[in-house]
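Chain by chain, the residues:
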Amino acid sequence: MRPTALLVGVGGLVLVGAIVFGWGQSELASGPSDRQVSETPPVAPEPTPSAPKSERVGRPVAPTIAAPPVDITQLERVAPREPLSPLGAPEDPATRPPRETLLHRPVAIDAGTIEAEGHRVALKGIEIVAADETCGEGGRSWPCGVHARTAFRNYLRGRAIACTVPGTPGGETIVSRCKLGPADPAEWLVTQGWAHAAPGSGYEDEERAASEAGRGIHGAAPGSN
């Protein structure tokens, strides 16, 4: 073999070895690939053990105290003490002075007298036409008292009426001014001609107008014309 050819072959081997050696050094310097790093599972840090909690035992605020035994045969009922002032005393309806009270479901006994909740009340300021009274002259009389009572019942229609009455109902008839809402039922009876105005009542003008118009007891029997 010629010396020149031998030198060329040896040089080629040296060149190839240098290339292989340089590639290996670059791989070691760059470290593992991104794929190898991503495929490595992360390692979770171990939890730090916490210190044990101290248990506190609370003491009772109020100790349990057993009630002493009681002999019920020795108990005695005493009267209640008197109220500290008259304002604290319960009101006795029997001794209560009369005051305005709303009476429910009144029933007209005649044109001017009602019964409600045990009270019997006659309207003040009028002369009541009794239920059995008749009006007219001669043979043309008619039961004006019954008509007056019917008109008064239709006017009330069972509505509550406010009258001044005592706290406890009694058997006597109470004369009182009453109100049906804002209206004065006594004035209504005189205006419609179903009652006479009492002297000094203030209803004289209403009775005069009813008489001139021939309303109620001041006119003929209803339906006679």
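Conventions adopted
- All residue numbers refer to positions counted from 1 along the written sequence of the respective chain.
- Whole-chain, interface and lining totals are the exception, using all residues; otherwise, since this is a predicted model, local features are given only for residues with pLDDT of at least 70 and side-chain atom pairs are given and counted only at 80 or more.
- For side-chain calculations, the full set of non-hydrogen atoms in the structure is used, while hydrogens and water are omitted.
- Under the scheme used here, helices are H or I runs from DSSP no shorter than 4 residues and strands are E runs no shorter than 2 residues, and both carry numbers assigned from the N terminus.
- Summary of the burial criterion: residues with accessible area below 20% of their type's maximum are buried, those above 50% are exposed, and those between are partly exposed, where the area comes from a 1.4 Å probe applied to protein chains only.
- Contact definition: two residues touch when any of their heavy atoms are within 4.5 Å.
- Residue-level accessible areas treat just the shown protein chains as cover; the underlying method is Shrake-Rupley with a 1.4 Å probe.
- Any helix carries an expected span of 1.5 Å times its number of residues minus one.
- The reported arc concerns the directions from the helix axis to the C-beta atoms and nothing else.
- Residues grouped as a nonpolar core are buried Ala, Val, Leu, Ile, Met, Phe, Trp, Tyr and Cys residues, joined through side-chain atoms within 4.5 Å.
- Paired strands are those between which DSSP finds at least two bridges.
- Convention adopted: a line fitted to C-alpha atoms gives each axis, helices being fitted over their contacting stretch, and angles between N-to-C directions are expressed from 0 to 180 degrees.
- Only one rule defines a salt bridge in this text: a Lys or Arg side-chain nitrogen within 4 Å of an Asp or Glu carboxyl oxygen.
- When two cysteine sulfur atoms lie within 2.5 Å, the pair is treated as a disulfide.
- Centre distance within 6.5 Å is the pairing criterion for rings of Phe, Tyr and Trp, where only the six-membered ring of Trp is used; planes under 30 degrees apart are then read as stacked, over 60 as edge-to-face, and the remainder as tilted.

Q: Would you mind going over the overall build of the chain in detail, with residue names and values included?
A: Check the secondary structure of the chain and you find five helices and nine strands. Listing each helix as α and each strand as β along the chain from the N terminus yields α-α-β-β-β-β-β-α-β-β-β-α-β-α. In the chain, which comprises 225 residues, the proportion classed as buried is 22%. Taking contacts inside the chain between residues at least 6 apart in sequence as the whole, the part at least 24 apart equals 56%. Accessible area of the chain: about 17100 Å², with a carbon and sulfur share of 58%.

Q: Before we move on, could you go through helix α3 (residues 144–156) and cite the residues and values that matter?
A: The terminal C-alpha atoms of α3, which comprises 13 residues, lie 18 Å apart, in line with the 18 Å expected from a rise of 1.5 Å per residue. Looking only at α3, the buried set comprises Cys144, Gly145, Ala148, Ala151, Phe152, Tyr155 and Leu156. For α3, the arc enclosing every buried residue in end-on projection is 135 degrees, short of the 170-degree limit, so these residues lie on one face. On its buried face, α3 is in contact with β2 (107–110), β3 (113–116), β4 (119–123), β6 (161–165) and α4 (185–191).

Q: Residues and numbers for the nonpolar core, please.
A: Grouped together as the largest cluster of nonpolar side chains are 31 residues, with contacts concentrated most on Ile126, Phe152, Leu156, Ile161, Cys163 and Leu189. Every element with two or more residues in this core is listed here: β3, β4, α3, β6 and α4. A total of six residues in this core trace back to one element, the largest contributor, which is α3.

Q: Describe the sheet that holds β3, naming the residues involved and giving the relevant values.
A: Pairing is mixed across the open sheet formed by four strands, whose spatial order is β2-β3-β4-β7. Looking at which strands have only one partner, the edges of the open sheet turn out to be β2 and β7 (173–176). On average, each strand axis in the sheet is inclined to that of its neighbour by 35 degrees, with strand direction left out of account. As paired elements, β2 and β3 share three bridges and run antiparallel to each other.

Q: Describe in detail the pattern of salt bridges, supporting the description with residues and values.
A: Here the structure, examined in full by the defined rule, presents three salt bridges. Note that glutamate 115 and arginine 120 form a salt bridge whose closest N and O atoms lie 2.4 Å from each other. The class of arginine 120 is partly exposed, set by a relative accessible area of 29%. A salt bridge links arginine 208 to aspartate 205; the nearest nitrogen and oxygen atoms lie 2.8 Å apart. Taken together, the residues arginine 208 and aspartate 205, both in helix α5 (residues 204–213) and three residues apart, mark about one turn of the helix. With a relative accessible area of 45%, arginine 208 lands in the partly exposed category.

Q: An account of the state of the cysteines is needed here, citing residue identities and associated values.
A: According to the stated counting rule, one finds two disulfides in the structure shown. The disulfide that involves cysteine 135 links it to cysteine 144, with 1.9 Å between the sulfurs. Handedness here is read from the sign of the S-S torsion; for cysteine 135 and cysteine 144, about 70 degrees, the answer is right-handed. With respect to class, cysteine 135 is no different from cysteine 144; both count as buried. Note that cysteine 163 is cross-linked by a disulfide to cysteine 178, the S-S spacing being 2.1 Å. Note on the cysteine 163 and cysteine 178 pair: the S-S dihedral is about 120 degrees, so by sign convention the disulfide is right-handed. Here cysteine 163, found in strand β6, pairs with cysteine 178, found in strand β8 (residues 178–179); they are 15 residues apart in sequence, far enough to count as distant. The pair cysteine 163 / cysteine 178 is uniform in exposure class, with both members buried. Cysteine pairing in the chain follows 1-2, 3-4, where each cysteine in a disulfide is numbered by its order in the sequence.

Q: Please give an account of the packing of aromatic side chains that cites residues and values.
A: Two aromatic rings are characterised by how far apart their centres lie and by the angle between their planes. Counted under the stated rule, the structure contains two aromatic pairs. For the ring pair phenylalanine 152 and tyrosine 155, a centre distance of 6.5 Å and an interplane angle of 20 degrees mean the geometry is stacked. With phenylalanine 152 and tyrosine 155 both in helix α3, this residue pair falls three residues apart, about one helical turn. Both residues of the pair, phenylalanine 152 and tyrosine 155, count as buried. On the numbers, 4.2 Å between centres and 15 degrees between planes, the contact of tyrosine 155 with tryptophan 188 is stacked.

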